[in-house]
Amino acid sequence: MTLVVQKYGGSSVAGVARMQAVAGRVAATVAGGAQVVVVVSAMGDTTDELIAMAEALHPDPAHRELDLLMSTGETVACALLALALQAAGVPARALTGAQAGIYTDGTHRRAAIVQVDPRRVRETLAAGEVAIVAGFQGVRGAGLDGEITTLGRGGSDTSAVALAIGLGADCCEIYTDVDGVFTADPRVEPAARLIPRIGYTEMLELAQQGARVMHSRAVELGSLYNLPIVVRSSFHLGQGTVIAAPGAPLPPQLALEGNHMERDNKICGVAHDSNIARVTVAGLPHAHLELHQVFTPLAAAGINVDAIAYALDADGHTADCSFTVAESDLARTVQVAGTVAVELGAREIRTRRDVAKVSLVGVGVEDTPGLAARAFAVLAQAGIPIEMVTTSQIRITCLVPQSRMDDAVHLLHHAFNLDAGDPPPELAALRNGHVAGLEARPEVTLWNG
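None of these values were measured; they are calculated from a predicted model.

### Some words on the overall build of the chain
Thought 1: When you go through the chain residue by residue, the secondary structure sums to twelve helices and 20 strands.
Thought 2: Relative to its length of 449 residues, the chain is compact, with a C-alpha radius of gyration of 23 Å against a globular reference of 22 Å.
Thought 3: Long-range pairs, those at least 24 residues apart, make up 74% of the contacts in the chain between residues at least 6 apart in sequence.
Thought 4: Accessible surface, the chain: about 19,900 Å² in total, of which carbon and sulfur atoms supply 53%.

Next comes the structure, spelled out in structure tokens:
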């Protein structure tokens with residue numbers, strides 16, 4: 001019998017009517033002869049509302065209590081969906097993450113899954129019931145203290161992929177409020193196109209750089225175990241986007257029409273992220289400075305640092321170190337970096353919230369000369385300053401003013417031939433590298449301290 005793991009996001013279960021619609025889709029899958037495991041997120045904006053209440057009561061809520069609080073959203077959703085299925089005549093059993101055997105490393109708010117023990121889920125399936133699992137949550141280590149942990153924003157995706165791997169499913173289906181993975185966020189770029197199939201590496205970069213359609217750790221897990229993942233809309237029928245290794249065979253239910261192994265366009269998408277902040281530790285004494293002295297304490301505090309820029313002042317004796325963090329981590333970053341700044345004798349710490357990342361992603365970045373210069377020229381011609389730049393083998397990321405983020409996404413999407421249909425006349429010249437002044441502007445400032 002086919003085993004199907006389906007995950008439904010918060011908007012998919014936001015209210016009684018949506019719950020009933022999801023129950024109908026699950027019931028149809030069961031009627032088709034499959035065993036079904038469903039992973040659900042909290043309903044609608046429940047998580048945000050819970051966090052807001054916590055912060056209204058305490059300016060810096062303890063992460064342990066926040067995890068316990070936030071986990072209730074998914075628990076409520078899985079219990080309600082089980083009731084909706086039971087009302088429709090489909091046997092179902094609701095399980096928390098702990099009951100489903102999802103064990104984590106115990107890090108609050110960003111826990112990593114270390115083990116999945118699917119015995120309880122298998123027992124549910126063997127009893128002829130649909131297993132409804134609360135996503136986003138787990139419990140610290142099998143046989144340990146039972147501390148409830150959460151996996152970070154979007155963690156229900158990771159719950160679903162981990163369960164699919166633990167159960168030996170052929171694929172994992174992610175149902176959300178969009179039709180799949182697009183070349184850009186359709187809410188920002190209306191000309192964005194659906195991508196029928198994308199590799200794990202490109203999808204991971206898009207997710208890490210702000211494409212919120214998939215949790216990056218879910219993509220990483222899928223890649224490690226070669227599990228195909230499909231992203232579809234829960235609101236209507238559609239093919240969606242398949243995330244799988246390039247050229248790898250797909251299970252029959254995910255078969256695609258046409259050849260998607262090779263693309264003419266080496267750029268697959270433009271991602272953006274406005275939920276970041278820039279931090280600068282200014283006036284660091286250079287003579288005996290080792291950069292790990294700045295970043296080791298941040299890592300120990302569980303703060304992920306992204307773009308980094310380091311530059312000597314004109315006198316050569318001091319340096320400024322700038323980096324970006326998630327906006328939600330800014331307060332803790334300032335606290336930790338402040339201690340470091342005092343210890344190292346830095347002059348000051350500066351922060352900025354009015355910045356955003358815009359990233360070009362594609363397997364052709366490393367092997368196609370001129371892509372970075374072209375991107376810089378497009379932004380420069382539009383008067384969009386680039387404050388920092390980071391690159392990888394398949395990504396070019398520019399830090400730009402938040403007020404110009406949408407413009408940057410729009411321009412780069414058109415310039416790199418990603419839009420559906422022909423561009424408007426005023427943007428047509430951006431295509432194929434025809435940018436006024438490209439040859440005359442060989443250098444672009446990447447960092448301005």
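Anyway, onward from the coordinates.
### Topic: helix 2 (residues 46-57)
Thought 1: Taking 1.5 Å of rise per residue, the twelve residues of helix 2 would be expected to cover 16 Å, and the 17 Å separating its terminal C-alpha atoms lies within 8% of that figure.
Thought 2: Within helix 2 the residues assigned to the buried category are Thr47, Leu50, Ile51 and Ala54. All buried residues of helix 2 fall inside an arc of 95 degrees around its axis, so they share one side.
Thought 3: In this structure, the buried side of helix 2 is in contact with helix 3 (63-87).

### Examining the state of the cysteines
Thought 1: Applying the stated criterion across every chain, the model contains zero disulfides.
Thought 2: You can see Cys78 has no disulfide; the closest cysteine sulfur is in Cys172, sitting 17 Å from it.
Thought 3: Note on Cys171: no disulfide assigned, nearest cysteine sulfur contributed by Cys172 at a separation of 7.4 Å.
Thought 4: Looking at Cys171, the relative accessible area reads 4%, which means it is buried.

### Describing the pairing of strand 1 (residues 3-8)
Thought 1: Most of strand 1 is tucked away, with six of its six residues classed as buried.
Thought 2: Across the two faces of strand 1 the burial is the same, with Leu3, Val5 and Lys7 and Val4, Gln6 and Tyr8 all buried.
Thought 3: In this structure, strand 1 lies alongside strand 2 (residues 35-40), joined through six bridges in parallel fashion. Pairing of Val4 across the sheet is with Val36, part of strand 2.

### Description of the sheet that holds strand 6 (residues 130-134)
Thought 1: Taken together, the eight strands give an open sheet; going across it, the order is 3-6-2-1-9-11-12-10, and neighbouring strands pair in mixed fashion. The open sheet has two free edges, formed respectively by strand 3 (92-95) and strand 10 (197-198), since each of these has just one partner strand.
Thought 2: Those strands touched by helix 4 (residues 119-126) are strand 1, strand 2, strand 3 and strand 6, and its axis lies near 130 degrees from that of strand 2.

### What to know about helix 7 (residues 216-224)
Thought 1: Taken residue by residue, helix 7 has Ser216, Ala218, Val219, Leu221 and Gly222 as its buried positions.
Thought 2: In this fold, the buried residues of helix 7 make contact with helix 5 (155-167), helix 6 (200-208) and strand 11 (229-233).
Thought 3: Two residues or fewer after helix 7 comes Asn226, characterised by a positive phi angle close to 55 degrees.

### What about unusual backbone geometry?
Thought 1: A positive phi angle, close to 55 degrees, is found at Asn226, a residue other than glycine.
Thought 2: Structurally, Asn226 can be placed in the loop between helix 7 and strand 11.
Thought 3: Here the phi dihedral of Asn417 falls at roughly 60 degrees; this positive angle occurs in a residue that is not glycine.
Thought 4: Mapped onto the elements of the fold, Asn417 is located in the loop between helix 11 (405-415) and helix 12 (425-428).
Thought 5: Judged by its relative accessible area of 29%, Asn417 is partly exposed.

### Description of the environment of Thr397
Thought 1: Along the chain, Thr397 turns up in strand 20 (residues 395-401).
Thought 2: For Thr397, a relative accessible area of 3% translates into the label buried.
Thought 3: The sequence separation of Thr397 and Ala372 amounts to 25 residues, and the corresponding C-alpha distance is 9.4 Å.
Thought 4: Only 2.8 Å separates the side chain of Thr397 from the side chain of Arg395, close enough to count as a polar contact.

### Examining the packing of helix 1 (residues 16-31) against helix 3
Thought 1: Their axes nearest at 9 Å, the elements helix 1 and helix 3 cross at an angle of 60 degrees. Regarding helix 1 and helix 3, the two cross each other, and that crossing is right-handed. For the pair helix 1 and helix 3, contact is made by Met19, Val22, Ala23, Val26 and Ala27 and by Ala77, Leu80, Leu81, Ala84 and Leu85, respectively.
Thought 2: The residue inventory of the contact of helix 1 with helix 3, partitioned by class, reads ten nonpolar, no polar and no charged.

Rules of the game
- Residues numbered from 1 in each chain as written.
- Predicted model: local features only at pLDDT ≥ 70, side-chain atom pairs only at ≥ 80, totals over all residues.
- Heavy atoms only, no water.
- Helix = DSSP H or I, 4+ residues; strand = E, 2+ residues; numbered from the N terminus.
- Rg over C-alpha atoms; globule rule 2.2 N^0.38 Å.
- Contact = heavy atoms within 4.5 Å.
- Areas by Shrake-Rupley, 256 points an atom, 1.4 Å probe, with all protein chains shown as cover.
- Expected span 1.5 Å × (residues − 1).
- Buried < 20%, exposed > 50% of the residue type's maximum accessible area, 1.4 Å probe, protein only.
- Arc of directions from axis to C-beta.
- Disulfide = S-S within 2.5 Å.
- Pairing = 2+ DSSP bridges.
- Axes fitted to C-alpha atoms, helices over the stretch in contact; angles between N-to-C directions.
- Polar contact = N/O pair within 3.5 Å; in protein donor to acceptor, adjacent residues only side chain to side chain.
- Left-handed = near helix turned anticlockwise from the far one by under 90°.
- Nonpolar A, V, L, I, M, F, W, Y, C, P; charged D, E, K, R; others polar.

Spatial relationships are all this shows, so hold off on functional conclusions.
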